[in-house]
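# Architecture at a glance
Residues per chain are reported as follows:
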Amino acid sequence: MVLIANAISLVGAVIMVMIGFVPQRDRILKLQCVQWLIMGIANAMLGGVTGLISNLVSIVRNLWSLKRQLTVPVILVFIVLQIALSLPFNNLGLLGWLPTIAAIAFTLFLNAKDARVLKWAIIFGQVLWSIFDFSLMNYSAFAFDVFTIISSLVGIWQLRKHGQSK
(Lines give C-alpha, C1' and ligand atoms only; values in the text may rest on other atoms or scores of the structure.)
Protein backbone atom coordinates (compact mmCIF):
# COMPACT_ATOMS: atom_id res chain seq x y z
CA MET A 1 0.00 0.00 0.00
CA VAL A 2 2.87 2.39 0.83
CA LEU A 3 4.46 1.83 -2.56
CA ILE A 4 1.18 2.42 -4.44
CA ALA A 5 0.44 5.57 -2.40
CA ASN A 6 3.95 6.88 -3.12
CA ALA A 7 3.47 6.24 -6.84
CA ILE A 8 0.16 8.13 -6.77
CA SER A 9 1.75 10.93 -4.78
CA LEU A 10 4.58 11.13 -7.30
CA VAL A 11 2.04 11.79 -10.07
CA GLY A 12 0.61 14.65 -8.00
CA ALA A 13 4.09 15.99 -7.29
CA VAL A 14 4.97 15.98 -11.00
CA ILE A 15 1.80 17.97 -11.69
CA MET A 16 2.90 20.37 -8.92
CA VAL A 17 6.20 20.93 -10.73
CA MET A 18 4.45 21.37 -14.08
CA ILE A 19 2.24 24.05 -12.53
CA GLY A 20 5.36 26.14 -12.07
CA PHE A 21 5.53 26.55 -15.85
CA VAL A 22 1.88 27.58 -16.30
CA PRO A 23 1.50 31.36 -16.65
CA GLN A 24 -2.32 31.68 -16.47
CA ARG A 25 -3.81 32.05 -12.97
CA ASP A 26 -7.01 30.16 -13.84
CA ARG A 27 -5.10 27.19 -15.27
CA ILE A 28 -2.83 27.16 -12.23
CA LEU A 29 -5.81 27.03 -9.88
CA LYS A 30 -7.46 24.25 -11.90
CA LEU A 31 -4.29 22.17 -12.11
CA GLN A 32 -3.74 22.60 -8.37
CA CYS A 33 -7.18 21.06 -7.86
CA VAL A 34 -6.11 17.99 -9.84
CA GLN A 35 -2.80 17.84 -7.96
CA TRP A 36 -4.47 18.09 -4.55
CA LEU A 37 -7.05 15.45 -5.42
CA ILE A 38 -4.32 13.01 -6.43
CA MET A 39 -2.16 13.78 -3.41
CA GLY A 40 -5.20 13.66 -1.14
CA ILE A 41 -5.94 10.12 -2.30
CA ALA A 42 -2.34 9.14 -1.49
CA ASN A 43 -2.65 10.75 1.96
CA ALA A 44 -5.84 8.83 2.67
CA MET A 45 -4.19 5.57 1.59
CA LEU A 46 -1.38 6.23 4.07
CA GLY A 47 -3.75 7.04 6.93
CA GLY A 48 -3.42 10.82 6.73
CA VAL A 49 -7.10 11.73 6.64
CA THR A 50 -6.44 15.34 7.62
CA GLY A 51 -4.12 15.61 4.61
CA LEU A 52 -7.03 14.54 2.40
CA ILE A 53 -9.33 17.02 4.15
CA SER A 54 -6.81 19.83 3.76
CA ASN A 55 -6.49 19.06 0.07
CA LEU A 56 -10.26 18.87 -0.47
CA VAL A 57 -10.89 22.19 1.30
CA SER A 58 -8.07 23.73 -0.75
CA ILE A 59 -9.78 22.49 -3.92
CA VAL A 60 -13.03 24.19 -2.88
CA ARG A 61 -11.07 27.36 -2.02
CA ASN A 62 -9.44 27.37 -5.47
CA LEU A 63 -12.75 26.76 -7.23
CA TRP A 64 -14.20 29.67 -5.25
CA SER A 65 -11.22 31.83 -6.27
CA LEU A 66 -11.88 31.08 -9.94
CA LYS A 67 -15.27 32.78 -9.74
CA ARG A 68 -15.17 35.14 -6.75
CA GLN A 69 -12.91 37.23 -4.52
CA LEU A 70 -11.27 35.76 -1.42
CA THR A 71 -12.51 38.41 0.99
CA VAL A 72 -11.72 38.34 4.71
CA PRO A 73 -15.09 36.76 5.61
CA VAL A 74 -14.61 34.08 2.94
CA ILE A 75 -11.08 33.40 4.17
CA LEU A 76 -12.46 32.98 7.70
CA VAL A 77 -15.09 30.54 6.43
CA PHE A 78 -12.39 28.42 4.78
CA ILE A 79 -10.32 28.47 7.98
CA VAL A 80 -13.29 27.43 10.10
CA LEU A 81 -14.14 24.73 7.55
CA GLN A 82 -10.56 23.37 7.71
CA ILE A 83 -10.70 23.16 11.49
CA ALA A 84 -14.28 21.86 11.70
CA LEU A 85 -13.61 19.01 9.27
CA SER A 86 -10.19 18.14 10.70
CA LEU A 87 -11.34 18.02 14.31
CA PRO A 88 -13.48 14.87 14.13
CA PHE A 89 -11.30 13.05 11.58
CA ASN A 90 -7.83 13.69 13.02
CA ASN A 91 -6.51 10.24 13.87
CA LEU A 92 -2.86 11.32 14.26
CA GLY A 93 -2.83 13.79 17.13
CA LEU A 94 -0.56 16.82 16.69
CA LEU A 95 0.85 15.33 13.47
CA GLY A 96 -2.66 15.32 11.99
CA TRP A 97 -2.96 19.07 12.50
CA LEU A 98 0.07 19.90 10.34
CA PRO A 99 -1.76 19.89 6.97
CA THR A 100 -4.57 21.95 8.49
CA ILE A 101 -2.16 24.55 9.87
CA ALA A 102 -0.32 24.63 6.52
CA ALA A 103 -3.57 25.21 4.60
CA ILE A 104 -4.69 27.91 7.02
CA ALA A 105 -1.36 29.74 6.73
CA PHE A 106 -1.47 29.60 2.94
CA THR A 107 -5.10 30.77 2.89
CA LEU A 108 -4.27 33.72 5.17
CA PHE A 109 -1.51 34.94 2.87
CA LEU A 110 -3.02 34.00 -0.48
CA ASN A 111 -3.92 37.62 -1.25
CA ALA A 112 -0.47 38.97 -0.33
CA LYS A 113 0.83 41.53 -2.80
CA ASP A 114 4.47 40.92 -1.89
CA ALA A 115 5.67 37.71 -3.54
CA ARG A 116 8.13 37.15 -0.70
CA VAL A 117 5.31 36.98 1.83
CA LEU A 118 3.54 34.31 -0.22
CA LYS A 119 6.81 32.40 -0.65
CA TRP A 120 7.40 32.44 3.13
CA ALA A 121 3.87 31.11 3.62
CA ILE A 122 4.64 28.36 1.11
CA ILE A 123 7.88 27.52 2.92
CA PHE A 124 6.12 27.38 6.28
CA GLY A 125 3.43 25.13 4.84
CA GLN A 126 5.90 22.85 3.07
CA VAL A 127 7.92 22.40 6.26
CA LEU A 128 4.74 21.19 7.97
CA TRP A 129 3.82 18.99 5.00
CA SER A 130 7.33 17.54 4.90
CA ILE A 131 7.04 16.41 8.53
CA PHE A 132 3.57 15.00 7.83
CA ASP A 133 4.60 13.25 4.62
CA PHE A 134 7.80 11.77 6.07
CA SER A 135 5.89 10.49 9.11
CA LEU A 136 3.37 8.75 6.85
CA MET A 137 6.15 7.27 4.68
CA ASN A 138 5.03 9.39 1.75
CA TYR A 139 8.61 9.73 0.60
CA SER A 140 7.92 10.92 -2.93
CA ALA A 141 5.84 13.83 -1.59
CA PHE A 142 8.48 14.49 1.09
CA ALA A 143 11.17 14.85 -1.59
CA PHE A 144 9.07 17.37 -3.51
CA ASP A 145 8.26 19.21 -0.26
CA VAL A 146 11.99 19.69 0.25
CA PHE A 147 12.48 20.77 -3.39
CA THR A 148 9.66 23.31 -2.99
CA ILE A 149 11.24 24.73 0.18
CA ILE A 150 14.59 25.08 -1.57
CA SER A 151 13.14 26.63 -4.73
CA SER A 152 11.07 29.08 -2.67
CA LEU A 153 14.15 30.12 -0.69
CA VAL A 154 16.02 30.64 -3.97
CA GLY A 155 13.07 32.70 -5.23
CA ILE A 156 13.16 34.89 -2.12
CA TRP A 157 16.91 35.33 -2.49
CA GLN A 158 16.47 36.33 -6.16
CA LEU A 159 13.73 38.82 -5.27
CA ARG A 160 15.95 40.39 -2.59
CA LYS A 161 18.96 40.41 -4.90
CA HIS A 162 17.02 42.27 -7.58
CA GLY A 163 15.15 44.48 -5.11
CA GLN A 164 11.77 43.21 -6.24
CA SER A 165 8.83 42.32 -4.05
CA LYS A 166 6.09 41.50 -6.53
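Structure report, in brief. Source: prediction; values computed, not measured.

### What about the packing of helix α1 (residues 2–19) against helix α7 (residues 139–161)?
- Between α1 and α7, whose axes approach to 7 Å, the crossing angle comes to 25 degrees. The pairing of α1 with α7 is recorded here as roughly parallel in orientation. Taken together, the residues of α7 that come into contact with α1 (itself represented by Asn6, Ser9, Leu10, Ala13, Met16 and Val17) are Tyr139, Ser140, Ala141, Phe144 and Thr148.
- The residue makeup of the contact of α1 with α7, split by class, is 7 nonpolar, 4 polar and no charged.

### Details of the pattern of salt bridges
- Under the criterion given, the structure shown has 1 salt bridge.
- Residue Asp114 is joined to Arg116 by a salt bridge in which the shortest nitrogen-to-oxygen separation is 3.3 Å.
- Residue classification places Asp114 among the partly exposed positions, given a relative accessible area of 21%.
- Look at Arg116 and you get partly exposed, because its relative accessible area is 23%.

### Quick notes on helix α4 (residues 72–89)
- Helix length check: α4 (18 residues) gives 26 Å between terminal C-alpha atoms against 26 Å at 1.5 Å per residue, within 8%.
- The set of residues buried in α4 consists of Val74, Ile75, Phe78, Ile79, Gln82 and Ser86. Around the axis of α4, the buried residues are gathered within 145 degrees of arc, so they sit on the same side. Exposed residues on α4 whose side chains face more than 90 degrees from its buried face are Pro73, Val77, Val80, Leu87 and Pro88.
- Of the surrounding secondary structure, the elements contacted by the buried residues of α4 are α3 (49–67) and α5 (94–109).

Here is what the cut-offs are and how they apply
Residues numbered from 1 in each chain as written. Predicted model: local features only at pLDDT ≥ 70, side-chain atom pairs only at ≥ 80, totals over all residues. Heavy atoms only, no water. Axes fitted to C-alpha atoms, helices over the stretch in contact; angles between N-to-C directions. Helix = DSSP H or I, 4+ residues; strand = E, 2+ residues; numbered from the N terminus. Parallel < 35°, antiparallel > 145°, perpendicular 65-115°, else oblique. Contact = heavy atoms within 4.5 Å. Nonpolar A, V, L, I, M, F, W, Y, C, P; charged D, E, K, R; others polar. Salt bridge = Lys/Arg side-chain N within 4 Å of Asp/Glu carboxyl O. Buried < 20%, exposed > 50% of the residue type's maximum accessible area, 1.4 Å probe, protein only. Expected span 1.5 Å × (residues − 1). Arc of directions from axis to C-beta.

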